[in-house]
Protein chains: 4
Amino acid sequence: MVQISNRRSTLVEPSRTRRKADARRRAILKAAASAFRKHGIAATGMREIAEAADLSPANLYYYFESKDELLYFCQDWSLDRMLEAARAVRRGGERPPEQLRQVIRAQLHCMLDELEGSAAHLEVDALSRTLRERIVAKRDRYESAVRRIVEDGIRSRDFARTDATLVTRAILGALNWTARWYRPEGEKTWAAVAATFSDYLVRGLIR
Amino acid sequence: MVQISNRRSTLVEPSRTRRKADARRRAILKAAASAFRKHGIAATGMREIAEAADLSPANLYYYFESKDELLYFCQDWSLDRMLEAARAVRRGGERPPEQLRQVIRAQLHCMLDELEGSAAHLEVDALSRTLRERIVAKRDRYESAVRRIVEDGIRSRDFARTDATLVTRAILGALNWTARWYRPEGEKTWAAVAATFSDYLVRGLIR
Amino acid sequence: MVQISNRRSTLVEPSRTRRKADARRRAILKAAASAFRKHGIAATGMREIAEAADLSPANLYYYFESKDELLYFCQDWSLDRMLEAARAVRRGGERPPEQLRQVIRAQLHCMLDELEGSAAHLEVDALSRTLRERIVAKRDRYESAVRRIVEDGIRSRDFARTDATLVTRAILGALNWTARWYRPEGEKTWAAVAATFSDYLVRGLIR
Amino acid sequence: MVQISNRRSTLVEPSRTRRKADARRRAILKAAASAFRKHGIAATGMREIAEAADLSPANLYYYFESKDELLYFCQDWSLDRMLEAARAVRRGGERPPEQLRQVIRAQLHCMLDELEGSAAHLEVDALSRTLRERIVAKRDRYESAVRRIVEDGIRSRDFARTDATLVTRAILGALNWTARWYRPEGEKTWAAVAATFSDYLVRGLIR
DNA sequence: TATGAATGAGATTTCATTCAT
DNA sequence: TATGAATGAAATCTCATTCAT
């Protein structure tokens, strides 16, 4: 990962203050996520984010150099979590169907539980060119990771022959779209969604 | 349903001029759709839309009273098409699996072919409260139509027992998400996408 | 000269509207110049410039894409005039002392009379990197033009031997600095300044 | 002359701590000067000054009550030095041409050597009304001191008859402008500049 | 139908400055 | 003396929209 700014990068080893500030940044993120859910990420202003995080707008800039950096941090962080989950699943060594089930569950856990339904990691459009490219690259890595499970399954004859790329996108679409309708305070728990989704989306591949 | 404006509403019966203007409106829509695809709907300004449609910004306001109305028209129009397709499918009287296949194909046709990949009909956030509610209501009607096919299938024992609501949302998520990655000039035709998707998404339901 | 923006560049041949807008731009410039004189260029906000030009701040952006472009246009324009004057002088074919006298007069005419004492063309600091480089390059061309007269004079033995670079800078310093103290409504006319300056600054070089 | 603040003025007689703090203030000044040289004084923020002086922004306020006071201190200090030099020269009792040569050299020494090329003492615009007036008054005293030498020279027939006010401003313009182009790390020493300038600028007056 | 010019409201961001420690 | 965190005010700029023609 490349450095974004001199002042505040995840690369330099964390001093006492850095750690404190980073914890604060994470907290701001959560607040931001809930603001995003209300009007969509593009329509959410820095004022609203600041308010959600209980800061003055100016103070928000103490923690993030720009709206761009805030959004980037948001999306980067959740993609990291998802990638890590995908890697863990693959290391687990289960058969492809089970792996796929686990990845689906993991992504929904991250999206619906940890970030409480924020779609932040999907709204690539709101980012500036440079940062967008970086996020898109990471997102592609994640897509590849999922696609590889599908391909493995086809090769191992657990899954029927099909266009792995398209099916992977169908799966990710179903998952990503949850951010649009899922409400943490609603009646379905994230676990219920995960159960039904992993079931349904894997079934469609089984021979 | 209430009229939006005196001068210009899709609800008053069409005079000659109306029809002509409406054709123009449709054309502007297509142009707008391609602009939306570039930066996402929320980040696309009236100026860009005007430019894409080869009009001056001021002139755009001759055809649409506001950005809101334009967006509304856009989303309303494609939802209408999709609803109509769903009704036609149901009238066809096929068994649920085939009905579902047809609906999936129809929606992708509408989204990827007719509107050339514009996601306009999904971005409810960009609309003002009143119009949003109307679109959401229509969208819900469409979701219900699809869900009813799933429920029919479960009842008729073509489909396995499952949470019809969640599965319907998985399906619609997969379909809607295509707007995010599909490029008309890319290598996959919309028909190829439709074939793989309808196959995969129906398979997951079959007993 | 390279294009700054698509919308509004001096490169495209002038249509009717272009010409009108460009006249307006020139007028705004004059207004801006008088605003600059009050607090210095860096401390003059777009609001103040707009007010001086009797426009709303937003409307100012119809004519100039940014403060940067306005400043650039300002400085570029007066440098162009000065360069042209310098070229004309050299074409005149007089002896170096007379050439120098004429260039001094011309620059003061441009600065004190045409722009009414605005120092805009000197405040390179306020520009963004790219535009600054362009202006600095042009300014250097002007400095070279003046220096060449000094060098010619030394070679032709009209002027005493000396460090031509430093003397040129002394001359330009004296001239540029006038923007700091000259007031059009004051008692000295620009012509009086020009007479004394060209006399004094040329005398110092004569053998 | 009025006090600026109770806590911290250059006018109260120096206690031990005062002296120490003043040394520190002088050191900060030097650092600030080098920061000013980069973007011009108006574009240099307190953060940059603090950084240049290796202090935290907050700590900078321990030494200077405000940006205004810092700027004032800066300009006041160098004007004091220049005024003192001018007085010393006059006390020297040399003939006007030599006096003028010495004053020119002294000002360049102060500007280019002691303050390393900072233009701080010229940027009157950046000051608040009250402080500006004070500095302007002092600057006028300096201008008068120089002008008196010119006038003396005219009276003593060392210099040709001319508009002493304008010539003085030409001289000061040439000198002040050096701050704009002189780089301490460049190839010309301040002494070389002083030699050529004093030579050239005095020659122009000699009968 | 068409458009150049204009604008109010609001968005992001900066900056001098302060406060608690 | 020193500083991390905080802030109000203002600056630049954008944008949907309107008006006169």
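Please read these numbers as outputs of a predicted model, since none were measured by experiment.

Now for the overall build of chain A. Within chain A, the secondary structure is distributed over 8 helices and 0 strands. Reading the secondary structure of chain A in the N-to-C direction produces α-α-α-α-α-α-α-α. Relative to its full complement of 207 residues, chain A shows a buried share of 50%. For chain A, the share of sequence-separated contacts (at least 6 apart) that also reach a separation of at least 24 residues comes to 70%. Counting only carbon and sulfur atoms, one obtains 47% of the accessible surface of chain A, whose full area is about 9,900 Å².

Glancing now at the protein's contact with DNA strand E. Taken together, 31 residues surround DNA strand E, and among them Tyr61(A), Ala58(C), Tyr62(C), Tyr63(C) and Lys67(D) come closest. Protein-proximal atoms of DNA strand E, defined as those within 4 Å of the protein, fall in sugar or phosphate at a share of 63%. Between DNA strand E and the protein, one listed contact pairs a phosphate oxygen with a backbone N or O atom of Lys67(A) at 2.8 Å. The separation between a phosphate oxygen of DNA strand E and a polar main-chain atom of Met46(D) is 2.9 Å.

Moving on to the protein's contact with DNA strand F. The local shell around DNA strand F holds 30 residues, among which Ala58(A), Tyr62(A), Tyr63(A), Lys67(B) and Tyr63(D) are the closest. The sugar-phosphate backbone supplies 61% of the atoms of DNA strand F found within 4 Å of the protein. A distance of 3.1 Å separates a phosphate oxygen of DNA strand F from a polar side-chain atom of Ser56(A). Here a sugar or linking oxygen of DNA strand F sits 2.8 Å away from a polar atom, N or O, in the side chain of Asn59(A). Breaking the surface near DNA strand F down by element, the ones donating at least two residues are α1 (16-39) and α3 (57-63) of chain A, α2 (46-52) and α3 (57-63) of chain B, α2 (46-52) and α3 (57-63) of chain C together with α3 (57-63) of chain D. Per-class residue counts for the surface near DNA strand F are 12 nonpolar, 10 polar and 8 charged.

Looking now at helix α4 (residues 67-92) of chain C. Between its terminal C-alpha atoms α4(C) stretches 38 Å, which fits the 38 Å expected from 26 residues at 1.5 Å a residue. At the exit of α4(C) stands Gly93(C), carrying a positive phi of roughly 75°.

A few words on the packing of helix α5 (residues 96-114) of chain A against helix α8 (residues 190-203) of chain A. Residues and elements named next belong to chain A. Following both chains from N to C, one finds α5 and α8 inclined at 145°, their axes separated by 9 Å at the closest point. Handedness of the α5/α8 crossing: right-handed. Residue-level inspection shows Pro97, Leu100, Arg101, Ile104, Arg105, Leu108, His109, Leu112 and Asp113 of α5 in contact with α8, the latter providing Trp190, Val193, Ala194, Phe197, Ser198, Leu201 and Val202. Of the residues contributing to the contact of α5 with α8, the split by class is 11 nonpolar, 2 polar and 3 charged.

Attention shifts here to the pattern of salt bridges. Counting across every chain of the model gives 70 salt bridges over all chains. With a shortest N-O distance of 3.3 Å, Asp158(A) and Arg95(A) are connected by a salt bridge. In this pair, Asp158(A) sits in the loop between α6 (129-155) and α7 (164-181) while Arg95(A) sits in the loop between α4 (67-92) and α5, placing the two residues 63 residues apart along the sequence. A single network of salt bridges, built from pairs that share partners, joins Glu123(A), Arg180(A), Glu123(B) and Arg180(B).

It is worth spelling out the relation of the copies chain D and chain C at this point. With an RMSD of 0.1 Å, chain D superimposes on chain C once it is rotated by 180° and translated 0.0 Å along the axis. The symmetry that links the two subunits is that of a two-fold axis. Of every C-alpha in chain D, the one belonging to Gly204(D) sits nearest the axis of rotation, 1.7 Å from it. Of all interface residues in chain D, 100% are interface residues in chain C too; the two copies therefore contact each other through one and the same surface.

For the rest of this paragraph, the subject is the interface of chain D and chain C. Facing the 33 residues of chain D at the interface are 33 residues of chain C. Carbon and sulfur atoms supply 63% of the area buried between chain D and chain C, which totals about 2,900 Å² over both sides. Looking at the side of chain D facing chain C, the largest losses of area belong to Leu166(D), Trp177(D) and Tyr200(D), adding up to 26% of the total buried there. One can count 4 salt bridges joining chain D with chain C.

Another point: the environment of Leu60(A). All names here are of chain A. With respect to the helices, strands and loops of the structure, Leu60 is situated in helix α3. A residue is classified by how much of its surface remains accessible, and Leu60, at 0% relative accessible area, is buried. C-alpha separation for the pair Leu60 and Met46, spaced 14 residues apart in sequence, amounts to 8.0 Å. In this view, Leu60 contacts Ile28, Met46, Ile49, Ala50, Leu55 and Leu70; residues no more than four positions away in its chain are not counted.

Below, the discussion takes up the confidence of the model for chain A. Residue and element names in this part refer to chain A. On average, residues of chain A carry a pLDDT of 89, and 88% of them reach 70 or more. Averaged pLDDT values over the elements of chain A bottom out at 82 in α1 and peak at 98 in α8. For residues 1-14, every residue scores under 50 in pLDDT, and the model assigns this stretch 27 contacts once sequence neighbours within four places are set aside.

It is worth spelling out the state of the cysteines at this point. All names here are of chain C. Going through the model one piece at a time under the given rule, you end up with 0 disulfides over all chains. Looking at the unpaired Cys110, the closest cysteine sulfur is the one in Cys74, lying at 10 Å. Looking at Cys110, the relative accessible area reads 4%, which means it is buried.

Superposing chain A onto chain B takes a rotation of 180° plus a shift of 0.0 Å along the axis, which leaves an RMSD of 0.1 Å. Taken together, the interface assignments show that 100% of the residues at the interface of chain A recur at the interface of chain B, consistent with an identical surface on both copies.

Attention now moves to the environment of Met46(B). All names here are of chain B. Along the chain, the position of Met46 falls in helix α2. Once the C-alpha coordinates of Met46 and Ala58 are considered, the two residues, 12 residues apart in sequence, prove to be 9.4 Å apart. The residues contacting Met46, other than those within four sequence positions of it, are Leu60, Tyr61, Ser66, Lys67 and Leu70.

What counts, and where the lines are drawn
Counting from 1, residues in each chain are numbered in the order their sequence is written. Here the convention is simple: chains get letters from A, ligands get numbers from 1, in the order in which they are written. Confidence filtering applies because this is a predicted model: local features only for residues at pLDDT of at least 70, side-chain atom pairs given and counted only at 80 or more, and all residues used for totals across whole chains, interfaces and linings. The basis for every side-chain value is the complete set of heavy atoms in the structure, and neither hydrogens nor water enter the calculation. Working definition: helices are DSSP H or I runs of at least four residues, strands are E runs of at least two. Numbering for both runs from the N terminus. For every residue, the accessible area (1.4 Å probe, protein chains only) is compared with the maximum for its type, and the residue is labelled buried under 20%, exposed over 50%, or partly exposed between those bounds. Residue contacts are defined here by distance: any two heavy atoms, one from each residue, within 4.5 Å place the two residues in contact. Computed by Shrake-Rupley with a 1.4 Å probe, the accessible areas treat only the displayed protein chains as cover when residues are assessed. Distances are taken per atom, and a residue is near a molecule or strand as soon as one of its heavy atoms is within 4 Å of it. Under this definition, polar contacts are N or O atom pairs within 3.5 Å; protein pairs additionally need one hydrogen-donor-capable and one acceptor-capable atom, and for neighbouring residues in sequence, both atoms have to be side-chain atoms. Any residue that is not Ala, Val, Leu, Ile, Met, Phe, Trp, Tyr, Cys, Pro, Asp, Glu, Lys or Arg is counted as polar, Gly included; the first ten are nonpolar and the last four charged. Here, expected helix span is obtained from the residue count minus one, scaled by 1.5 Å. Each axis is a line fitted through C-alpha atoms, and for a helix only the stretch in contact is used; angles between axes span 0 to 180 degrees, taken between their N-to-C directions. In this scheme, a crossing is called left-handed if the near helix is turned counterclockwise away from the far one by less than a right angle; it is called right-handed if the turn is clockwise. Just to be clear on terms, a salt bridge is a Lys or Arg side-chain nitrogen sitting within 4 Å of an Asp or Glu carboxyl oxygen. Superposing copies: least-squares fit, C-alpha atoms only, residues required to have pLDDT of at least 70 in both. Two parts placed together each lose some accessible area; with a 1.4 Å probe, that loss summed over both constitutes the buried area. For every residue, the predictor assigns a confidence score, pLDDT, that lies between 0 and 100. Put simply, a disulfide is two cysteine sulfurs that come within 2.5 Å.

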